[in-house]
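Descriptive structure summary
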Amino acid sequence: MSSTTITQSYYSSITASVTPARAFECLTVNITDWWTSDFKGLADETGGQFTVCFDTTFMTMQIVELVSNKRISWRCIDSRTDTGELNDEKELTGTKIVW
């Protein structure tokens, strides 16, 4: 018997009227300025980890890639999405976000 893993991808883009340097700064050292004040950890070095919390929902991200002012990749290594609408509260775990 064989098993098949189904991987679904989601893609979205955003536009911000800021320089690449400012965007990089916001995504590495100023996360509390735009996302949530409940932030713990480091987001400014490859291999670093940080957790953001929103009441009982949280995401722990590991920094996979940092290319100054060009690219940032995070991988969700733990999560709980407490919306009451999901079958799997940990569905974000294992996902990758690329900026």
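Preceding this section is the structure that the text describes.
This report concerns the structure included in the present document. Each chain carries its own residue numbering, running from 1 in the written order of its sequence. Local features in this predicted model are restricted to residues whose pLDDT is 70 or higher, and side-chain atom pairs enter the listing and the counts only when it is 80 or higher, whereas totals over whole chains, interfaces and linings include all residues. Think of the side-chain values as coming from all heavy atoms in the structure, minus any hydrogens and water.

Glancing now at the overall build of the protein chain. Note on conventions: DSSP H or I runs of at least 4 residues are helices, E runs of at least 2 residues are strands, and numbering of each starts at the N terminus. Looking only at helices and strands, one finds two helices and five strands in the protein chain. Along the protein chain, helices (α) and strands (β) appear in the sequence α-α-β-β-β-β-β when read from the amino end. Along the three orthogonal principal directions, the C-alpha set of the protein chain runs to about 50 × 30 × 25 Å. Using a 1.4 Å probe on the protein chains alone, a residue whose accessible area is under 20% of its type maximum counts as buried, one over 50% counts as exposed, and one in between counts as partly exposed. Within the span of the protein chain, comprising 99 residues, buried residues form 24% of the whole.

So, about the side chain of S73. Among the structural elements, S73 can be located in strand β4 (residues 71–80). Contacts are residue-level and defined by heavy atoms, with any inter-residue pair within 4.5 Å sufficient. Beyond its immediate chain neighbours, meaning those up to four positions away, S73 contacts Q62, I63, V64, E65, K96, I97 and V98.

Attention now moves to the pattern of salt bridges. Side chains bearing opposite charge may pair, as long as their charged atoms lie close to each other. Take a side-chain nitrogen of Lys or Arg and a carboxyl oxygen of Asp or Glu: if they are within 4 Å of each other, that pair is a salt bridge. All told, the structure shown has six salt bridges when counted by the stated rule. Note that D82 is salt-bridged to R80, the shortest N-O span being 3.6 Å. A residue is classified by how much of its surface remains accessible, and D82, at 33% relative accessible area, is partly exposed. Between R80 and E89 there is a salt bridge, with the nearest N and O atoms lying 3.2 Å from each other. Linked through salt bridges whose partners overlap, the residues forming this network are R80, D82 and E89.

Judged by nonpolar contacts, F24, L27, I31, A43, F50, V52, M59, M61, I63, I72, W74 and C76 together constitute the single largest core of twelve residues. Within the residue set of this core, elements represented by two or more residues are α1 (20–28), β2 (49–54), β3 (57–67) and β4. In this structure I72 touches F24, L27, T28, E65, L66, I97, V98 and W99, once residues within four positions along its chain are discounted. To form a nonpolar core, buried Ala, Val, Leu, Ile, Met, Phe, Trp, Tyr and Cys residues must be joined to one another through side-chain atoms within 4.5 Å.

With that out of the way, let us pick up a nonpolar patch on the surface. Patches draw on residues past 30% relative accessible area with no salt bridge. Two like charges within 9 Å are joined, as are two nonpolar side chains (Val, Leu, Ile, Met, Phe, Trp, Tyr) within 5 Å. Residue exposure ignores everything except the shown protein chains as possible cover, and the areas themselves are Shrake-Rupley values with a 1.4 Å probe. A contiguous nonpolar patch, built from I14, W34 and W99 and spanning about 330 Å² of accessible area, is present on the exposed surface. Note on placement: I14 falls in the segment before α1. Residue I14 is classed as exposed on the basis of its relative accessible area of 68%.

Our focus in this paragraph is the pairing of β4. Of the strand pairs in this sheet, β3 and β4 are connected by nine bridges, and their pairing is antiparallel. Following the sheet pairing, M61 is matched in β4 by C76. Whether two strands pair comes down to DSSP finding at least two bridges between them.

Remember that side chains alternate between the two faces of the sheet whenever the strand is regular. Pairing geometry for strand β1 (residues 39–41) and β2, over three bridges, is antiparallel. Its bridge partner lying in β2, K40 is registered against T51. By the bridge criterion, six bridges tie β2 to β3 in an arrangement that is antiparallel. Note that in β3 the partner of V52 across the bridge is M59. Remark: two residues form the turn of the hairpin made by β2 and β3, two consecutive strands paired antiparallel; D55 in that turn has positive phi of roughly 60°.

Everything listed here is a matter of coordinates, which is why it stays silent on function.
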